[in-house]
Amino acid sequence: MFNFKYYTPTKVVFGKDTEQQVAELIKEFGGKKVLIHYGGGSVVRSGLLGRVTDILDAAGISYVTLGGAVPNPHLGLVYEGIELCKKEGVDFLLAVGGGSAIDSAKAIGYGVTNDGDVWDFYDYKRKADACLPLGVILTIAATGSEMSDSSVITKEEGLVKRGYSSDYCRPKFAILNPELTMTLPDYQTACGCTDIMMHTMERYFTNGGNMEITDSMAEGLLCTVMENAKILKKDPKNYDARAEVMWAGSLAHNGLTGCGNDGGDWMTHKLEHELGGLYDVAHGAGLAAIWGSWARYVYKECLPRFKRYAINVMGVKEEGTDEEIALKGIEAMEDFYREINMPTNLRELGVKATEEDLVTMAHKCAVGVGGAMGSAKLLKEEDMLAIYRVSM
Ligand code: NZQ
Ligand code: ZN
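Residues numbered from 1 in each chain as written. Chains lettered and ligands numbered in written order. Predicted model: local features only at pLDDT ≥ 70, side-chain atom pairs only at ≥ 80, totals over all residues. Heavy atoms only, no water.

Describing the pattern of salt bridges
In total, this model carries 20 salt bridges according to the counting rule given. Residue Glu 88 is joined to Lys 87 by a salt bridge in which the shortest nitrogen-to-oxygen separation is 3.8 Å. We classify Glu 88 as partly exposed; its relative accessible area is 27%. Among the residues examined, Lys 87 registers a relative accessible area of 67% and is labelled exposed. Here Arg 308 makes a salt bridge to Glu 219, at a shortest N to O gap of 2.5 Å. With Arg 308 in helix α12 (residues 303-312) and Glu 219 in helix α8 (residues 212-234), this pair connects stretches of sequence that are 89 residues apart. The exposure class of Glu 219 is buried, given its relative accessible area of 9%. One network of salt bridges, with partners in common, ties together Glu 212, Asp 215, Glu 219, Arg 305 and Arg 308. (Salt bridge = Lys/Arg side-chain N within 4 Å of Asp/Glu carboxyl O. Buried < 20%, exposed > 50% of the residue type's maximum accessible area, 1.4 Å probe, protein only. Helix = DSSP H or I, 4+ residues; strand = E, 2+ residues; numbered from the N terminus.)

Observations regarding the site of ligand 1
Neighbouring ligand 1 are 32 residues, the closest being Gly 40, Ser 42, Gly 99, Ser 100 and His 199. Interatomic distance of 2.7 Å between a side-chain N/O atom of Lys 161 and an oxygen atom of ligand 1. Between Thr 183 and ligand 1, the recorded distance is 2.7 Å, taken from a side-chain N or O atom to a nitrogen atom. Computed on the free molecule, ligand 1 has an accessible area of 960 Å², of which 90% lies beneath the protein chains in the complex. Elements that contribute at least two residues to the shell around ligand 1 include exactly α5 (99-113), β6 (150-155), α7 (186-204) and α10 (267-279). Classifying every residue of the shell around ligand 1 by side-chain character gives 8 nonpolar, 21 polar and 3 charged. Residue-level mapping places the shell around ligand 1 at the junction of two domains, with at least three residues from each of domain 1 (11-180) and domain 2 (185-390). (Near = heavy atom within 4 Å. Polar contact = N/O pair within 3.5 Å; in protein donor to acceptor, adjacent residues only side chain to side chain. Areas by Shrake-Rupley, 256 points an atom, 1.4 Å probe, with all protein chains shown as cover. Nonpolar A, V, L, I, M, F, W, Y, C, P; charged D, E, K, R; others polar. Domains from an automatic or database assignment.)

Re the sheet that holds strand β2 (residues 33-38)
What the 6 strands build is an open sheet, ordered β1-β8-β5-β4-β2-β3; its pairing is parallel. At either margin of the open sheet sits one strand with a lone partner, and together these are β1 (11-14) and β3 (62-66). Put simply, the sheet's adjacent strands are angled 20° from each other on average, direction ignored. Pairing of β2 with strand β4 (residues 92-97), which is carried by 5 bridges, proceeds in the parallel orientation. Pairing of Tyr 38 across the sheet is with Val 96, part of β4. Docked against the sheet, helix α4 (residues 75-88) engages β2, β3 and β4, running at close to 160° with respect to β3. (Pairing = 2+ DSSP bridges. Axes fitted to C-alpha atoms, helices over the stretch in contact; angles between N-to-C directions. Contact = heavy atoms within 4.5 Å.)

Distances and angles like these do not, on their own, reveal function.
Structure (structure tokens):
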């Protein structure tokens, strides 16, 4: 069992109609001039953005708006947001949307409060020492960015997708109204459930010490998300299922399911980030497409965890060798992905990569992780390439 720090400063306001409280929350955290940042337009179409601006108008809070954060959000818009905030004297950011709008807002926050090029942080050249305060109205349960310390940005030049983490960007508040997720396309709901599970699985499949309380919470979270993902496939307007998944999304990536372990594996995410950067795939679908190949490549070196996962999460019977049980668990996980219409390889993801593309992704991935990474099994560039090849 490892020592750990657990820091989750985000005030969570959960439930129906909670977006009504946005003005008082902004005031509580000192916001006077707000940038409302959002994505490609779903919040305009749903009427949420209009409701939010009406609430701010009524409360006398001035704001500017900036839409256009795309999935796998771009650095170009971050620069635009930084300029806008400086010109308008913005002192508070409100992201209305999903992980992409939130991450883009976090990057804008770094850019406004630190001198120099904000990309330096994502390029691991230096560390930020501040971020503008940020609030979130979440519209998709997925990344956990509403409570996490990370943001992931894609630099258009070279299609480089990189994450940067620091406590400065943890949102001050997160408004979680499960009803706001009911307009999601089924594909995005399934992508979100996959990502939520993966944030816990990355922390679960380790060779570091683990805590029983953490493992039990992780297993409970995984079973809950699986069960409710299946309910949502049949009944997308089911409020309780939306609520279970939404809260799981925040808990899966606020650090809770990693307390006492070695920090996690994270290689499925790193391998996916290259896919997202190069092919602009939805993050959750990319994770599902790569996980099985990663799992089969590493499971023998992390057998106790894979066996435990198979039995406690996937319901595999304790019969046969440990390896047989572990493999049945991996197969059951892939069956679950198929059941919610997620891909289990790159072909199903719609990615037609050449051998040269796979070599490029493996190289960029290795550079991005500083050479080698992984707790279930330490992966070097040649291992990353091998996993990409098998996932075709
Ligand atoms: O852009 P709009 O028009 O809003 O549409 C979005 C987008 O097309 C749509 N959507 C969101 N809420 C909706 C809705 N459509 C209808 N009704 C709603 N209520 O869904 C699509 C996906 O949105 P996006 O914000 O891109 O999804 P997600 O939350 O999955 O974010 C993905 C990004 O976050 C990064 C990913 O790599 C990816 O770039 N991640 C961020 C993390 C973090 N900051 O902690 C951790 C994650 O591992 C992840 O890497
Ligand atoms: Zn993720």
